[in-house]
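# Results of the structural survey
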Amino acid sequence: MSDRNHAEHLIVGGGIIGCSIAYHLTAMGARDVVILEKADLTHGATWHAAGLVGQLRSSRNTTRMLKMSVELYDKLEEETGQAVDWKKVGSLRLASSPERVREVEQLATTAKSFGLDMEIISATEAQKLFPLMTTKGVLCAAYLPTDGQIDPSSVTQALAKGARDRGARIVRNVRVQDVISVGRRVSEVVTNEGIWTCDTFINASGMWSRELGRLSNVRIPACALEHQYIITDPIPGMPKDMPTMRDPDRLVYYKPEMRSMVIGGYEPNTVPFGDKGIPHDFGRELLGGNFDRFEQLAMLAAEVTPIVNEVGIREVINGPIPYSADGDFVMGKVPEMDNYFVASGFLYGIAAGGGAGRMMAEWILEGEPSLDLWPLDVRRFSPHQNTNHFMYRRAIDHYGHHYKLHFPGNETKAARGIRRSPLYFPLKDKGAVFGSRAGWERPNWFALDGVDPVDEMSFERSDCNWFDAVAREHKAVRERVALIDQTSFAKMELSGPGVLDALQKLCVSNMDKPVGSVIYTQLCNERGGVECDLTISRIEEDRFYVITGSSFGVHDFNWITCHLPDDGSVVTSEVTSAIAVINICGPCSRDVLARICNDDLSNQAFSFSTCQYIELGAARVLASRIGYVGELGWELHIPTEFAPHVYELLWEAGQDFGIVNAGYRAIDTLRMEKGYVYWSSDITPDYTPFEAGLGFRVHLKSKGDFIGRAALEKMKAEGVPQRLCTFSVDEPVSLYGGETIYLDGNYVSLTSSGNYGHSVGKSIALGYLPADAAEKTDFEIEAFGKRYAARRHDACLYDPNMKRLKA
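Residues numbered from 1 in each chain as written. Predicted model: local features only at pLDDT ≥ 70, side-chain atom pairs only at ≥ 80, totals over all residues. Heavy atoms only, no water.

## Considering the overall build of the chain
The criterion, for reference: In this text, helices come from DSSP runs of H or I with a minimum length of four residues, and strands from runs of E with a minimum of two, each type numbered from the N-terminal end. For a compact globule the rule gives 2.2 Å times the number of residues to the power 0.38, and the radius of gyration it is set against comes from C-alpha atoms. When checking whether two residues touch, look at their non-hydrogen atoms; a contact exists if any pair is within 4.5 Å. Surface accessibility in these figures is a Shrake-Rupley result with a 1.4 Å probe; residues are shielded only by whichever protein chains are displayed. Positive charge is attributed to Lys and Arg, negative charge to Asp and Glu, and no charge count is given to His or to the chain ends. All charge positions are set by atom: Lys at NZ, Arg at CZ, Asp at CG, Glu at CD.
When you go through the chain residue by residue, the secondary structure sums to 17 helices and 39 strands. Over its C-alpha trace the chain gives a radius of gyration of 27 Å, about what one expects of a compact globule, namely 28 Å for 807 residues. Considering only C-alpha atoms, the chain reaches an extent of 80 × 65 × 50 Å along its principal axes. In the chain, of all internal contacts separated by at least 6 residues, the share reaching a separation of at least 24 is 73%. When the accessible surface of the chain is summed, it comes to about 30,000 Å², and 47% of that surface belongs to carbon and sulfur atoms. Separation of charge centres in the chain, based on 85 positive and 105 negative side chains, amounts to 1 Å.

## Brief notes about the packing of helix α2 (residues 60-80) against helix α8 (residues 349-366)
Selection criterion: For helices, the fitted axis covers only the stretch in contact; all axes are lines through C-alpha atoms, and the angles between them, taken along N-to-C directions, range from 0 to 180 degrees. Each angle gets one of four labels, with under 35 degrees taken as roughly parallel, over 145 as roughly antiparallel, 65 to 115 as roughly perpendicular, and the rest as oblique. Note on residue classes: Ala, Val, Leu, Ile, Met, Phe, Trp, Tyr, Cys and Pro are nonpolar, Asp, Glu, Lys and Arg are charged, and everything else, Gly too, is polar.
Their axes nearest at 7 Å, the elements α2 and α8 cross at an angle of 100°. One finds that α2 runs roughly perpendicular with respect to α8. In this structure, α2 uses Met65, Leu66, Met68, Ser69, Leu72 and Tyr73 to contact α8, whose residues at the interface are Ile350, Ala351, Ala352, Gly353, Gly354, Gly355, Ala356, Arg358 and Met359. Each residue belonging to the contact of α2 with α8 can be placed in one class, and the counts come to 10 nonpolar, 4 polar and 1 charged.

## Focus on the side chain of Asp377
Going by this rule: Any residue under 20% of the maximum accessible area for its type is buried, any over 50% is exposed, and the rest in between are partly exposed; the area is computed with a 1.4 Å probe on protein chains only. In protein, a polar contact means a hydrogen-donor-capable atom and an acceptor-capable atom, both N or O and within 3.5 Å, with residues adjacent in sequence counting only if both atoms are side-chain atoms; elsewhere, any N or O pair within 3.5 Å suffices.
Examined against the element boundaries, Asp377 turns out to sit in the loop between α8 and α9 (388-400). On the basis of relative accessibility, which here comes to 3%, the residue Asp377 falls in the buried class. For Asp377, the side chain forms a polar contact with the side chain of Arg379, separated by 2.8 Å. Sequence-distant contacts of Asp377, defined by excluding residues within four places in its chain, comprise Met331, Trp363 and His555.

## Remarks on the packing of aromatic side chains
The line we're drawing: To pair, rings of Phe, Tyr and Trp, with the six-membered ring standing in for Trp, must have centres within 6.5 Å; the planes then decide the type, stacked if under 30 degrees apart, edge-to-face if over 60, and tilted in the middle.
Under the definition given, this model contains 25 aromatic pairs. Each ring, one from Phe273 and one from Phe282, has its centre 5.1 Å from the other, and the planes form 50°; the classification is tilted. No difference in accessibility class separates Phe273 from Phe282, as the two residues are buried. Between Phe467 and Tyr756 the ring centres are 5.8 Å apart and the planes differ by 55°, which places this aromatic pair in the tilted class. Taken as a pair, Phe467 in helix α11 (residues 467-479) and Tyr756 in strand β36 (residues 746-757) lie far apart in primary sequence, 289 residues in all. With relative accessibility at 15%, the residue Phe467 sits in the buried group. Relative accessible area serves as the criterion here: at 25%, Tyr756 is assigned to the partly exposed category. Through successive ring pairs, a cluster of aromatic residues spans Tyr253, Tyr266, Tyr323, Tyr399 and Tyr403.

## Topic: the packing of helix α1 (residues 16-27) against α8
Definition in use: Left-handed describes a crossing in which the near helix is turned anticlockwise from the far one by less than a right angle; the clockwise case is right-handed.
Packing of α1 against α8 leaves a shortest axis separation of 7 Å and a crossing angle of 45°. With respect to α8, the element α1 is oriented oblique. The interaxial crossing formed by α1 with α8 has right-handed handedness. Along its contact with α1, which presents Ile16, Ile17, Ser20, Ile21, His24 and Leu25, the element α8 presents Gly349, Ile350, Gly353, Gly354, Ala356, Gly357, Arg358, Met360, Ala361, Ile364 and Leu365. Here the residues of the contact of α1 with α8 sort into 10 nonpolar, 6 polar and 1 charged.

## Topic: α9
Helical geometry: 3.6 residues make up each α-helical turn, so side chains three or four residues apart lie on a common side. For clarity, the threshold we go by: For a helix, the expected span equals 1.5 Å multiplied by the number of residues minus one.
Along its 13 residues, α9 runs 18 Å from first to last C-alpha, staying within 8% of the 18 Å computed at 1.5 Å per residue. What α9 keeps buried is the set Phe390, Met391, Tyr392, Arg394, Ala395, Asp397, Tyr399 and Gly400. Contact partners of the buried residues in α9: α6 (209-214), β12 (222-232), β15 (261-265), β16 (272-273), β17 (313-324) and β21 (432-437).

## Points about unusual backbone geometry
A positive phi angle, near 65°, is found at Ser609, a position not held by glycine. Ser609 gets classed as partly exposed once you look at its relative accessible area, which sits at 22%. Positive phi, normally seen in glycine, also occurs at Phe784, with a value near 55°. Topologically, Phe784 is positioned in the loop between β38 (778-783) and β39 (786-793).

## Remarks on the pairing of strand β37 (residues 762-770)
What counts, and what does not: In this analysis, strands are considered paired if DSSP registers two or more bridges between them.
The buried fraction of β37 amounts to 7 of the 9 residues, a majority that puts the element mostly inside the structure. Where β36 lies against β37, 6 bridges are found, and the strand directions are antiparallel. For Tyr756, the partnering residue across the bridge sits in β37 and is Ser763. Counted along the chain from β36 to the antiparallel partner β37, the turn is 4 residues long, and its residue Gly761 has a positive phi close to 70°.

## Some details on the pattern of salt bridges
Close approach of charged atoms lets side chains of opposite charge pair. Here is the rule we go by: Salt bridge, as used here: a side-chain nitrogen of Lys or Arg that lies within 4 Å of a carboxyl oxygen of Asp or Glu.
This model, assessed by the stated rule, comprises 45 salt bridges. In this structure, the salt-bridge partner of Asp165 is Lys161, at a minimum N-O distance of 3.1 Å. Taken together, the residues Asp165 and Lys161, both in helix α5 (residues 152-165) and 4 residues apart, mark about one turn of the helix. Judged by its relative accessible area of 53%, Asp165 falls in the exposed class. A relative accessible area of 26% means that Lys161 is categorised as partly exposed. Counted as one network, the salt bridges with shared partners bring together Lys112, Glu780, Glu782 and Arg787.

## Quick look at the sheet that holds β37
The sheet built from 6 strands closes into a barrel, its strands ordered β34-β37-β36-β35-β38-β39 with antiparallel pairing. Between one strand axis and the next, the sheet turns by 40° as a mean value, whatever way the strands run. Where strand β34 (residues 722-729) and β39 come together, 3 bridges link them in antiparallel fashion. Residue pairing across strands places Phe727 opposite Arg792, the latter belonging to β39.

## As for the sheet that holds strand β26 (residues 530-540)
Read across the open sheet, the 5 strands follow the order β25-β26-β27-β24-β28; overall the sheet is antiparallel. In the strand order of this sheet, the two ends are held by β25 (518-524) and β28 (571-574), each with one partner. Taking the axes of each pair of neighbouring strands and ignoring which way they run, one obtains an average angle of 30° across the sheet. With 7 bridges connecting them, β25 and β26 associate as antiparallel partners. Its bridge partner being in β26, Cys524 is matched across the sheet by Val530. Helix α13 (residues 553-562) rests against β24 (490-495), β25, β26, β27 (543-548) and β28 of the sheet, and its axis sits at about 75° to β26.

## Examining helix α7 (residues 291-304)
Look at α7: 20 Å from first C-alpha to last across 14 residues, which is about the 20 Å you get at 1.5 Å a residue. Among all positions in α7, only Arg293, Phe294, Leu297, Ala298, Ala301, Ala302 and Val304 are buried. Among the structural elements, β4 (91-95), β12, β13 (244-247), β14 (252-256), β15 and β17 are those in contact with the buried residues of α7.

## Section: the nonpolar core
We apply this condition: Take the buried residues of types Ala, Val, Leu, Ile, Met, Phe, Trp, Tyr and Cys, join any two whose side-chain atoms come within 4.5 Å, and each joined set is a nonpolar core.
By size, the foremost hydrophobic cluster in this structure holds 126 residues, and its most contacted members are Ile21, Met65, Phe201 and Met331. At 9 residues, α8 tops the list of elements feeding residues into this core. Apart from the residues within four sequence positions on either side, Phe201 is in contact with Leu10, Val12, Val179, Val186, Val189, Leu212, Asn339, Tyr340 and Phe341. Of all hydrophobic cores here, the second largest spans 34 residues; its members include Tyr424, Ala432, Trp634 and Ala643.

## Brief notes about the state of the cysteines
Rule in force here: In what follows, a disulfide is any cysteine sulfur pair within 2.5 Å.
For the structure shown, the criterion picks out 0 disulfides. Just so you know, Cys19 is unpaired, no disulfide at all, and the nearest cysteine sulfur is the one on Cys198, 18 Å from it. Look at Cys19 and you get buried, because its relative accessible area is 0%. For the unlinked cysteine Cys562, the closest cysteine sulfur is that of Cys532, found at 11 Å.

## Points about the environment of Thr80
By secondary structure assignment, the location of Thr80 is in helix α2. Counting along the chain gives 79 residues from Thr80 to Leu159, while the straight-line C-alpha distance between them is 8.0 Å.

Okay, here's the thing in structure tokens:
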């Protein structure tokens, strides 16, 4: 190797993810691909991984990605000639409590909607598949026959061989010392063996990825935690071809081997590894075993597999495993750079390896993956999530809850109170129960007198202690007036002489509207898929104010800034922390505002979808007549320090009108009745505005070219292949999204979101249907293993003519 070298695609890290990226890049035609590995392939975390390959995850597209791994592992040995020890033996997931049975039933329903053939079987049937288990205390199990196990080192070597056979180079024993960038591009990578230049830089360095990112001021919230498993002594008469097994009620998993058993799990008190820095020479090494910490898992495992008490332990394996600030992968192009990609934080990297490499290769070569991977996108993280204080606390908490019951809407208790609205303490005093989004403490609901302000969760909403409180808040919005703290909105200002032209290029709607206009619009990719769903207000001739969801700020603002001209004609400024937001909504909201405001608030003077600066007490406030609940109302955008003052005025003025505080759980029930969509579930880059029922926001006649125009013109001319529809279910059932939709007994789709409509008195779901099915009325929706009659509606279930919203 010379002192200066070049690679079109330079990958740092020779674990399963780095090798898979190289394999897929070369499979897609790239030839100048290089992996730099500081030691040898698999060193780090790959070599000591347990090797379980499970496919089902809570996200449809993550599941699809893991299915790609199975498809690859089915053929990899034949293709490369390299043995991988792939055993497609299936997997079991035990349920030993009524709540776990409900979870497993919903998992099976979700699996169907994701295209996986999971079935619920009895404890006796499970024992036939896994003879070493007892049926005592086991109520049922979920069985997925296409899962399996694979040898981590062998599959990594096979992927590396496949990449090398197509021209990739793997350079071992080379350590990256610095990453030099010019502007927003990596230009040179300095190693102990010389300098590399590259066109794209891919950080696949596993537990070192965060430290590597710091060399370029790139935030990668990935870390490492200690994870232990044991290998038993040989088991007499060890059955052959047993499936892998997970027993989440006992926090453990099993991987049968030839004569013994691997048993691991997720105890609640693991510890971080490398929180003060990971040694650069750490490679094919293990940490000291801590059986005192593992003993709790061993005792639980013995309850369902008594053989554990009869055989010895051959070895305790304690090794660092990758993790992230929210327990999921960290993938994609980083927002700070234009040619820097990351693939890290892979807790189950062996299961994900094949599919993740393919998605990353598509991202690198084609600009985006073929699946919307927002749940895994590095842009889902805010800067605070990359701090040690937040990241390790959240990672350890997620680790300890890996097998705990995951009720819909569960909120973590770790690393809370990071970002607080100026109304946090006043609302807490009024019974607010907070959730966390993007680090913000947001009121989810308000406890009634005599109710503890703590979530008590269940799979059935009506069994939750907050259900009645949310109903009260919902009805107050519909019938009287409520205040909602929405300070956590992500907010950005765009200004300058080129701002209108830039927004016209970005947005599907005509942005050349008068000052004071509030424009709800979408920003699309070239395929017409919705990348951002947001509101933009024109507050001056050359100044616009952008509002999006609290979790989407990094993603949306990155999309915007990456598509702005580089001539300095547009200036951006994120103002999230500078502005608090109070939403006053409900049929009495105008009356309450009028008591503290001298401005004309009539419909003629202040119409829907406009904004004005008004005075409320001593504060100058941008009042925006828009909302997400479907009632008359205003979003009040207030300089942060004035927010408590404005809140107190509104609260006092609203007493005669029965004013209440409302939270985000009420917002969701209200928006479902109105059929308002939520980005990341109802609309994503996989769906166009026309398919989502937002075609009225696409202004093809009144503006020129914009990103995605050609694809949207084509779709409008040819017709949509699918449509987002509203469904209602009269029988009592809790819907959350991911349920299976049937027409005439045949699977047709899945729901994208669901909730209970307190005004209409029934459960509501949204979901896409093929165009021919979207004309039908009678369907079935399967939830928790049972099918319910569902009716498709031509319009939203509440105020379809928008009379109340525009009153």
